[in-house]
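# Fold and geometry: a report
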Amino acid sequence: MHLGYSAGKVLAASDWHLTEGKRPTVLIGKDTRVSGYMLESALEAGLCAAGVDVLLSGPMPTPAVAYLIRALRLQAGIVISASHNLFEDNGVKFFSAVGSKLPDEMERKIEAELNTPIETKSSAQLGKVQRIDDAAGRYIEFCKSTFPYHLDLRGLRIVIDCAHGAAYHIAGHVMHELGADVVTIGVQPNGLNINLECGATHAATVQKAVKQHHADLGIALDGDGDRVMMVDKQGRFYNGDQLIYIIAKHRQQNRKLTGGVVGTLMTNLAIEEQFKKLHIPFLRTNVGDRHVLELLQQKGWQLGGENSGHIMCMDKHTTGDGIISALQVLYALRDAHKTLAEFMRGVSLYPQRLINVKISNSFNFNTNKAVNTMRKEAEADLNGNGRLLIRASGTEPLIRVMVESKFRQKVNYWTERIAEVVQIASKE
């Protein structure tokens, strides 16, 4: 509630080019986890107390909220979601009036206001609340508009795993209305089953469903709908790196690739090497969609993302969008008359292993002597034939240890040794 109040106070005091006498309006969306009801009510109360009007969309993918802010000419948006995490966790994301993450300056102002007490506006100045009944329909039409009008998905049977998340009532309709024969799974949210052994973080579920239903391919989204993974009819899995490569290669062939591609420190080395062969500029940035977006904007490029399936097509949307990214891959497949496997022919990802180590929130691996010693030994052994990355998770109390190399034996050896050292050091 205090966060809602602080955000509302900052918004109300900002120059939003509003018509005189009009209050700023903020849209609140959420995914399907049970705590969303509680947090939605609290944020709503805080915003209204600050004199800000509120629109409620109910369960809605994160990128849908980003779109609706722009479509409805609102001043900001809030998404209540913990993305790919299980239901016990939750979080709050803010979007600006242009459908992107709030500027750092605005975030700092909101944080500063958290230190001040809530002073509710007078009754006549309190914000009002209204529910948007056609939010899903608006977003479905927007997603469809990003797919070329001269193509359709007729003749394709597609399995879509919505992870019992925010896209459960969206994704299937998009693909069906574009002509596909759709089988939906992960579309029975109960507040507790979001991302549970399904969706983009658990590919085995969609792989099994593709084979069971004799589908041509499968699409797996995460709980808030901003990530996507895909599976072909043989059950082969394609992560974010591979999907970005397919989109980039198709766009280059059609002379529609603006500039190059932005990846992250986690992007597979094999993909970077393929981009070099295609003479497609490629840059890495820190892990996280915010960093990818910042570099895309800085370079004036349109395509980037992460191997986790968070893909940004800036000519289609202002943020990562699982459904729209899937449609860009489907566009490439339909236009080129190729399968996922045919697009990836000759491209073999380097063995890469990731181990998540649970830690206390106070552990700093960067200053730990044992961890740094092990890091140096690993880097010397890899000797340019691989990469090592140790980083803290942005959403969980975890240290992620990733090793990538042409030699699988070295990948397994160093990932396990470093993870073990991190675990021991974090308990000392």
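See the structure above.
Now for a description of the structure that goes with this document. (Residues numbered from 1 in each chain as written. Predicted model: local features only at pLDDT ≥ 70, side-chain atom pairs only at ≥ 80, totals over all residues. Heavy atoms only, no water.)

### Describing the overall build of the protein
Broken down by element type, the protein carries 14 helices and 17 strands. Against the globule reference of 22 Å for 428 residues, the protein gives a C-alpha radius of gyration of 22 Å, in line with a compact fold. For the protein, the spread of C-alpha atoms along the three principal axes comes to 70 × 60 × 40 Å. Per-residue burial over the protein gives 56% buried out of 428 residues. (Helix = DSSP H or I, 4+ residues; strand = E, 2+ residues; numbered from the N terminus. Rg over C-alpha atoms; globule rule 2.2 N^0.38 Å. Buried < 20%, exposed > 50% of the residue type's maximum accessible area, 1.4 Å probe, protein only.)

### Topic: the pairing of strand 2 (residues 53-59)
Judged by how many residues are buried, strand 2 sits mostly within the fold: six of seven residues are covered. As paired strands, strand 1 (residues 25-30) and strand 2 are joined by six bridges and run parallel to one another. Paired with lysine 30 across the bridge in strand 2 is proline 59. Following the backbone out of strand 1, through helix 2 (residues 35-49) and into the adjacent parallel strand 2, one traces a crossover that is right-handed. Across three bridges, strand 2 lies against strand 5 (residues 129-131) in parallel orientation. Along strand 5, the bridge assignment pairs valine 54 with valine 129. (Pairing = 2+ DSSP bridges. Right-handed = clockwise from strand over helix to strand, strands pointing away.)

### Here's the deal with the state of the cysteines
Under the defined criterion, the tally for this structure stands at zero disulfides. Cysteine 143 forms no disulfide, and the closest cysteine sulfur to it belongs to cysteine 162, at a distance of 12 Å. (Disulfide = S-S within 2.5 Å.)

### Some details on a nonpolar patch on the surface
Among the surface-exposed residues, Val34, Tyr37 and Leu192 lie close enough to one another that they form a single nonpolar patch of about 310 Å² accessible area. In this fold, valine 34 is placed in the loop between strand 1 and helix 2. (Patch = residues over 30% accessible without salt bridge, like charges linked within 9 Å, V, L, I, M, F, W, Y side chains within 5 Å. Areas by Shrake-Rupley, 256 points an atom, 1.4 Å probe, with all protein chains shown as cover. Salt bridge = Lys/Arg side-chain N within 4 Å of Asp/Glu carboxyl O.)

### Notes on the sheet that holds strand 16 (residues 386-392)
Strand order in the open sheet made by the three strands is 15-17-16, with antiparallel pairing throughout. Looking at which strands have only one partner, the edges of the open sheet turn out to be strand 15 (352-358) and strand 16. Neighbour to neighbour, the strand axes of the sheet diverge by 10° on average, direction disregarded. One ladder, built from seven bridges, connects strand 16 with strand 17 (residues 398-405); its direction is antiparallel. Residue pairing across strands places isoleucine 390 opposite valine 401, the latter belonging to strand 17. Against the sheet, helix 14 (residues 408-427) touches strand 15, strand 16 and strand 17, its axis set at about 10° to strand 15. (Axes fitted to C-alpha atoms, helices over the stretch in contact; angles between N-to-C directions. Contact = heavy atoms within 4.5 Å.)

### Here's the deal with the sheet that holds strand 7 (residues 181-185)
Pairing is mixed across the open sheet formed by five strands, whose spatial order is 7-6-8-9-10. Of all strands in the sheet, those bounded by a partner on one side alone are strand 7 and strand 10 (237-238). Alignment of strand 6 (residues 157-161) against strand 8 (residues 217-221), held across four bridges, turns out to be parallel. Bridge pairing links aspartate 161 to alanine 220 in strand 8.

### Some words on the pattern of salt bridges
The tally for this structure, following the rule as stated, stands at 25 salt bridges. For lysine 9, the salt bridge is made with glutamate 113, and the minimal N-O distance between the two is 3.4 Å. Of this pair, lysine 9 sits in helix 1 (residues 2-13) while glutamate 113 sits in helix 4 (residues 104-113), and the two are 104 residues apart along the sequence. In this structure, arginine 334 engages aspartate 152 in a salt bridge whose closest nitrogen and oxygen atoms are separated by 4.0 Å. Here arginine 334, found in helix 11 (residues 322-336), pairs with aspartate 152, found in the loop between helix 5 (135-145) and strand 6; they are 182 residues apart in sequence, far enough to count as distant. Three or more residues joined by partner-sharing salt bridges are found here, namely Asp104, Glu107, Arg290 and Glu294.

### Here's the deal with the packing of aromatic side chains
Taken as a whole and judged by the stated rule, the model has five aromatic pairs. With 4.1 Å between their ring centres and 10° between their planes, tyrosine 67 and phenylalanine 142 make a pair best called stacked. Highlighted residues: tyrosine 67 in helix 3 (residues 62-71) and phenylalanine 142 in helix 5, separated in sequence by 75 residues. With respect to class, tyrosine 67 is no different from phenylalanine 142; both count as buried. Through pairs of rings, three or more aromatic residues link up here, namely Tyr67, Tyr139 and Phe142. (Phe/Tyr/Trp six-rings, centres within 6.5 Å; stacked < 30°, edge-to-face > 60°.)

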